[in-house]
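Below, each chain spelled out in residue letters.
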Amino acid sequence: VSTAPDWAKAQSNLGHAQRIYGEKTNDKRYLSRSIVIFEKILERTELRDFPDIWAIAKNNLGEAFLSLGEYDSCIEDLEHAHSLFREAMCLFESNSMSLDCAVVRINLAKTNIKITDKYDGDQSKCWLDNAGVAVELALKILSTKHFGDAILSEFYLETALEIQNNIRARLDKRASND
């Protein structure tokens, strides 16, 4: 007998495979399929019964919209991804120092950087500043806590540091242009 968490995990793996294949092959159909899968997880599980599943599904759905937004260069998809990551972060409030919470913050920072590229001036700087805050909080989590999967933790730490360097380079470029 399959339980809701087992079903959600299997569906999540399928959604990830669809998203990654869509990214690798540059095929929007697979990105769209991943969105449908993650939306189905949210429809079929109860937030009150499975808050972690919900938060992870929101994050995964955000990743799918981020990929779709990059594919289509669509600000609406990027902003929707941003909203989904924010919702996921709220769901992790009780476990704000978890690896999952750090991953959501990294995804939020990546999305904010992509949105930064769509705007000019103060609005662009605001998105970039928000990306900086998100990645700093992710780095705080990753550098102060030890997680069971050292390889995965190291991967996310390296990703967060790359994002931080990207943000610093962008801020330096802005400063030199002013």
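Refer to the structure printed above.
To start, this report covers the structure provided alongside it. Computed from a predicted structure; not experimentally measured. (Residues numbered from 1 in each chain as written. Predicted model: local features only at pLDDT ≥ 70, side-chain atom pairs only at ≥ 80, totals over all residues. Heavy atoms only, no water.)

1. Looking at the packing of helix α6 (residues 121–144) against helix α7 (residues 150–177)
- Relative to each other, α6 and α7 sit at 150°, their axes nearing to 9 Å. Between α6 and α7, the angle is such that the two are roughly antiparallel. Considering the relative orientation of α6 and α7, their crossing is left-handed. In this structure, α6 contributes G121, S124, K125, L128, D129, A131, G132, V135, E136, L139 and L142 to the contact, and α7 contributes S153, Y156, L157, A160, L161, I163, Q164, I167, R170, L171 and R174.
- Here the contact of α6 with α7 is built from residues that sort into 12 nonpolar, five polar and five charged. (Axes fitted to C-alpha atoms, helices over the stretch in contact; angles between N-to-C directions. Helix = DSSP H or I, 4+ residues; strand = E, 2+ residues; numbered from the N terminus. Parallel < 35°, antiparallel > 145°, perpendicular 65-115°, else oblique. Left-handed = near helix turned anticlockwise from the far one by under 90°. Contact = heavy atoms within 4.5 Å. Nonpolar A, V, L, I, M, F, W, Y, C, P; charged D, E, K, R; others polar.)

2. Some words on the packing of helix α4 (residues 75–91) against helix α5 (residues 99–116)
- Where α4 contacts α5, the two axes come as close as 9 Å, and the packing angle between them is 155°. The orientation of α4 with respect to α5, classified from their angle, is roughly antiparallel. Read as a crossing pair, α4 and α5 show a hand that is left-handed. Only V104, R105, N107, L108, T111, N112, K114 and I115 of α5 make contact with α4, whose side of the interface consists of I75, L78, E79, A81, H82, F85, R86, A88 and M89.
- In terms of residue class, the contact of α4 with α5 is built from nine nonpolar, four polar and four charged.

3. Digging into helix α3 (residues 51–72)
- Along its 22 residues, α3 runs 31 Å from first to last C-alpha, staying within 8% of the 32 Å computed at 1.5 Å per residue.
- Along α3, 16 of the 22 residues are buried, which leaves the element largely enclosed by surrounding structure.
- Of the residues flanking the end of α3, it is S73, one or two places downstream, whose phi is positive at about 55°. (Expected span 1.5 Å × (residues − 1). Buried < 20%, exposed > 50% of the residue type's maximum accessible area, 1.4 Å probe, protein only.)

4. Quick word on the nonpolar core
- Among the nonpolar cores identified, the biggest contains 47 residues, and L61, I106, L142, I163 and I167 are the most heavily contacted of them.
- For this core, the secondary-structure elements that each account for two or more residues are α2 (28–44), α3, α4, α5, α6 and α7.
- For this core, the element with the most residues is α5, which contributes 10 residues.
- For I106, the residues in contact, after removing those within four places along its chain, are A138, L142, Y156, T159, A160 and I163. (Core = buried A, V, L, I, M, F, W, Y, C linked by side-chain atoms within 4.5 Å.)

5. Considerations on the environment of D49
- Structurally, D49 is set in the loop between α2 and α3.
- By relative accessible area, D49 is classed as partly exposed at 45%.
- For the pair D49 and A4, spaced 45 residues apart in sequence, the C-alpha to C-alpha distance is 9.7 Å.

6. Description of the packing of aromatic side chains
- Counted according to the given criterion, the structure contains two aromatic pairs.
- Ring centres 5.1 Å apart and planes at 70° place the aromatic pair F155 and Y156 in the edge-to-face group.
- Note that R33 overlies the ring of Y30, its terminal NZ or CZ placed 4.6 Å from the centroid. (Phe/Tyr/Trp six-rings, centres within 6.5 Å; stacked < 30°, edge-to-face > 60°. Lys NZ or Arg CZ within 6 Å of the ring centre and 35° of its normal.)

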